[in-house]
Amino acid sequence: MLEGADLRRAAVFHAVARAGGITAAARAIGKSPPAVHNDLRRFERDVGVVLMERSGRALRLTPRGRVLFETIGRALDEIERVRAHLSRADVSQSPLRIGAVTGFARYRLAPRLLDALDAARPLIFVTGAHADLLAALSAGRIDLAVTYRAVTAVPIDSVAVASEALVLVGEGTRDVSDLESIERLRFITYDEHDYVFGRWFADVHGRQPAALIQHDHCIELEEALAGVRAGRGATIAPLDACLAFGLVPAPGQCANTIYLCGVGSALASPEAALIRACLDQASGTP
């Protein structure tokens, strides 16, 4: 709908809607009323829907116009925020924007990163599932992502930077030694468990079980581990997260590779070097 519309006319539309009329908007933005009127009408034609209607001597937003007005307002606020940031003398203090898969983020990366990062530098630290992190990376909401899968899809590049141990924990796991006994356990699963479970079974037992009993399912890893600690079942998860919950792993663990992902030259940036230095401390399987 906005393909043919430009930002300048969008700003004029926003000014008219905020001022309630063309003359008041013209005074506010320093343009002539005819120029504001022309920009408003051209913007409305570009958008392809009626955005404003006359109410007495004033202009009033239509329902569709209200939606667009609020969206443009958020965009203009963000542009102003970035402009103000870029006008500062010290541009080096731009936020470090990074995302990471939950278990590795909270129990391996975050503690080391917070110690290494200059306290004056802002940090945006996002945790989530692998697909969510790649979506945020592609959309430009973060600059780097730490995840457990290599990425070869353009424009994202990835490089292996660390590893973590995956272990089996929970009620009845100390005595299991084969897939048949594991299949009798009650499991607590979580988002992204398919990859973790599949990797552990493939490395430790050489194949996948015929079936598993799913007793509980939680969105977050932490809730799943809390359920394990409460005796509700077993799960497979990163060792560091399990130890943080006081859970003792059963015999048999596997190493899971951790990747740093970025778009374009991001993997060669100073920020990527900082992350890699932190992960060098976190490499290996405990």
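Residues numbered from 1 in each chain as written. Predicted model: local features only at pLDDT ≥ 70, side-chain atom pairs only at ≥ 80, totals over all residues. Heavy atoms only, no water.

Draft legend 1. Up close: helix H1 (residues 7-19). The end-to-end C-alpha separation of H1 is 18 Å, in line with the 18 Å expected for 13 residues at 1.5 Å each. Residues Arg 9, Ala 10, Val 12, Phe 13, His 14, Ala 15, Val 16 and Ala 17 constitute the buried set of H1. In this structure Asp 6 caps H1, since a side-chain oxygen of it lies 3.3 Å from the backbone nitrogen of Arg 8. (Helix = DSSP H or I, 4+ residues; strand = E, 2+ residues; numbered from the N terminus. Expected span 1.5 Å × (residues − 1). Buried < 20%, exposed > 50% of the residue type's maximum accessible area, 1.4 Å probe, protein only. Polar contact = N/O pair within 3.5 Å; in protein donor to acceptor, adjacent residues only side chain to side chain.)

Draft legend 2. Representation of the pattern of salt bridges within the structure. Tallying each qualifying case throughout the model produces 15 salt bridges. One salt bridge connects Asp 6 with Arg 9, and the closest N-O pair in it is separated by 3.0 Å. A salt bridge links Asp 203 to Arg 199, with the nearest nitrogen and oxygen atoms 3.2 Å apart. Of this pair, Asp 203 and Arg 199 both sit in helix H8 (residues 193-204), 4 residues apart, which is roughly one turn of that helix. If you follow the salt bridges from partner to partner, you end up with Asp 6, Arg 8, Arg 9, Lys 31 and Asp 39 in one network. (Salt bridge = Lys/Arg side-chain N within 4 Å of Asp/Glu carboxyl O.)

Draft legend 3. Spatial organisation of the nonpolar core. In terms of nonpolar packing, the biggest core is built from 31 residues, with Leu 168, Phe 187, Trp 200, Leu 225 and Ile 236 touching the most fellow members. The dominant element in this core, judged by the number of residues it contributes, is strand S6 (residues 156-170), at 5 residues. Not counting residues within four places of it along the chain, the set of residues in contact with Leu 168 comprises Thr 173, Val 176, Ile 182, Phe 187, Trp 200, Ala 234, Thr 235, Ile 236, Pro 249 and Ala 250. Counting residues in hydrophobic clusters, the runner-up holds 30 residues, among them Val 101, Ile 156, Ile 258 and Cys 278. (Core = buried A, V, L, I, M, F, W, Y, C linked by side-chain atoms within 4.5 Å. Contact = heavy atoms within 4.5 Å.)

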